[in-house]
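Analysis of the macromolecular model
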Amino acid sequence: MPSPIFAIPLNMGLGTWVVTIIAGLGFIVMFALASAGGDYQGLINTTLENDALARDKRKEKKKKVH
């Protein structure tokens, strides 16, 4: 039976819909928990600092070679 929700019929049975919905809700819950507990600003700052240090090291190596 084609699904009226999608433009392309997925022909998914009831069991497949249940698994898909549970997996989708699980993903949303896990994403929310990770976002609430994660220190993304700290991760971004550390990444930018490490990138700046790596660029400085590369510039110093180029100056010593030339």
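So, a few notes on the structure that sits alongside this text. (Residues numbered from 1 in each chain as written. Predicted model: local features only at pLDDT ≥ 70, side-chain atom pairs only at ≥ 80, totals over all residues. Heavy atoms only, no water.)

Some words on the overall build of the chain
How we decide: Counting from the N terminus, the helices are DSSP H or I runs at least four residues long and the strands are E runs at least two residues long. Accessible area is worked out with a 1.4 Å probe on protein chains only. A residue is then buried under 20% of its type maximum, exposed over 50%, and partly exposed in between. Per-residue and other accessible areas were derived by the Shrake-Rupley procedure at a 1.4 Å probe size, with only the shown protein chains allowed to occlude residues.
Secondary structure assignment for the chain yields 2 helices and 0 strands. By residue count, 3% of the 66 residues in the chain fall in the buried class. With an accessible surface of roughly 6,200 Å², the chain has 69% of that area assigned to carbon and sulfur atoms.

Notes on the packing of aromatic side chains
Selection criterion: What counts as a ring pair is set by centres within 6.5 Å for rings of Phe, Tyr and Trp (its six-membered ring), and what kind of pair is set by the plane angle: stacked under 30 degrees, edge-to-face over 60, tilted for all other angles.
Inspection of the entire model under this criterion finds 1 aromatic pair. Between Phe 27 and Phe 31, the aromatic rings sit 6.1 Å apart at their centres with planes inclined by 25°, giving stacked as the arrangement. Separated by 4 residues within a single helix, Phe 27 and Phe 31 lie in helix H1 (residues 14-37), roughly one turn from each other. Residues Phe 27 and Phe 31 agree in their burial class; the two are exposed.

Quick look at a nonpolar patch on the surface
As a reminder, the rule being used: Here a patch means residues that are over 30% exposed by relative accessible area and free of salt bridges, tied together within 9 Å if like-charged and within 5 Å if nonpolar (Val, Leu, Ile, Met, Phe, Trp, Tyr). A carboxyl oxygen of Asp or Glu within 4 Å of a side-chain nitrogen of Lys or Arg is what we treat as a salt bridge.
A cluster of nonpolar side chains, contributed by Ile 21, Leu 25, Phe 27, Ile 28 and Phe 31, occupies part of the molecular surface with about 570 Å² of accessible area. Its relative accessible area of 53% is what places Phe 31 among the exposed residues.

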